[in-house]
Amino acid sequence: MNTKNLRISILACLISLFTIVSCNKDDDNPNNNTQTNVQTNVQSGTWRITKFIDSGTDETNDFQGYNFTFNSSGVLNANNGTNNYDGTWSITDSNSNDDSQDDLDFNINFNLTNDFEDLNDDWDFISQSSTKIELIDVSGGNGGTDYLTFEKN
């Protein structure tokens, strides 16, 4: 093999190696895309609760008239024109070693002792779109299943 062919082969190997090393595994993780999409969606506009089932009991009416704003700072605001409550929200990946969407948690916390404390949980996603987010939580304590749905106003 002449030196010109050897140089081209070495250069091709170096370029291939650089490309492989510079790829970020997180770019291929669907959780990152889903997490970013949900964060972008919920921070756009206001939302309302259209379904809240607490261990088989429909408590949706407890939140009727409230608009929810998910701020980029992690503050979650609920306002019905009279009452104004602040809590926190986040989306976390409970298992960074897995590419499953099932590991994303939608975390809500209101430091209150009213109906809003029932929303406090690390909810699992059933589905999500730009206009609707359906969540579920299976309680470890009493084994009850809770459902929470937000729809965009």
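Keep in mind it's a predicted model, so treat the numbers as computed, not measured.

Caption draft 1: Summary view of the side chain of E59. Assignment of secondary structure puts E59 in the loop between β2 (57–58) and β3 (67–70). Nearest to the buried, unbridged E59 among oppositely charged side chains is K51, at 14 Å. The residues contacting E59, other than those within four sequence positions of it, are F52, D54 and D118.

Caption draft 2: Quick peek at the confidence of the model for the protein. Residues of the protein with pLDDT of at least 70 account for 72%, and the chain-wide mean is 82. When mean pLDDT is taken per element in the protein, β3 scores highest with 98 and helix α1 (residues 3–22) scores lowest with 57. Every residue in residues 17–31 scores below 50 in pLDDT, and together they form 13 contacts with partners more than four places removed in sequence or on other chains.

Caption draft 3: Summary view of the packing of aromatic side chains. Tallied over the full model, the rule gives 15 aromatic pairs. For the ring pair W89 and F106, a centre distance of 6.0 Å and an interplane angle of 25 degrees mean the geometry is stacked. Taken together, the positions of W89 in strand β5 (residues 84–93) and F106 in strand β6 (residues 104–109) put the pair 17 residues apart, joining distant regions of the chain. Residue placement shows K51 over the ring face of Y147; its charged tip is 5.1 Å from the ring centre.

Caption draft 4: Examining the pairing of β5 more closely. Alignment of strand β4 (residues 75–79) against β5, held across 5 bridges, turns out to be antiparallel. Each residue of the ladder has a partner; that of N79, found in β5, is N84. Linkage of β4 to β5, two consecutive antiparallel strands, is achieved through a turn of 4 residues, within which G81 is found at a positive phi near 95 degrees. Pairing analysis gives 6 bridges linking β5 to β6, with the strands arranged antiparallel. Along β6, the bridge assignment pairs T92 with D105.

Conventions adopted
Residues numbered from 1 in each chain as written. Predicted model: local features only at pLDDT ≥ 70, side-chain atom pairs only at ≥ 80, totals over all residues. Heavy atoms only, no water. Helix = DSSP H or I, 4+ residues; strand = E, 2+ residues; numbered from the N terminus. Buried < 20%, exposed > 50% of the residue type's maximum accessible area, 1.4 Å probe, protein only. Lys, Arg positive; Asp, Glu negative; His and termini not counted. Salt bridge = Lys/Arg side-chain N within 4 Å of Asp/Glu carboxyl O. Contact = heavy atoms within 4.5 Å. pLDDT = per-residue confidence, 0-100. Phe/Tyr/Trp six-rings, centres within 6.5 Å; stacked < 30°, edge-to-face > 60°. Lys NZ or Arg CZ within 6 Å of the ring centre and 35° of its normal. Pairing = 2+ DSSP bridges.

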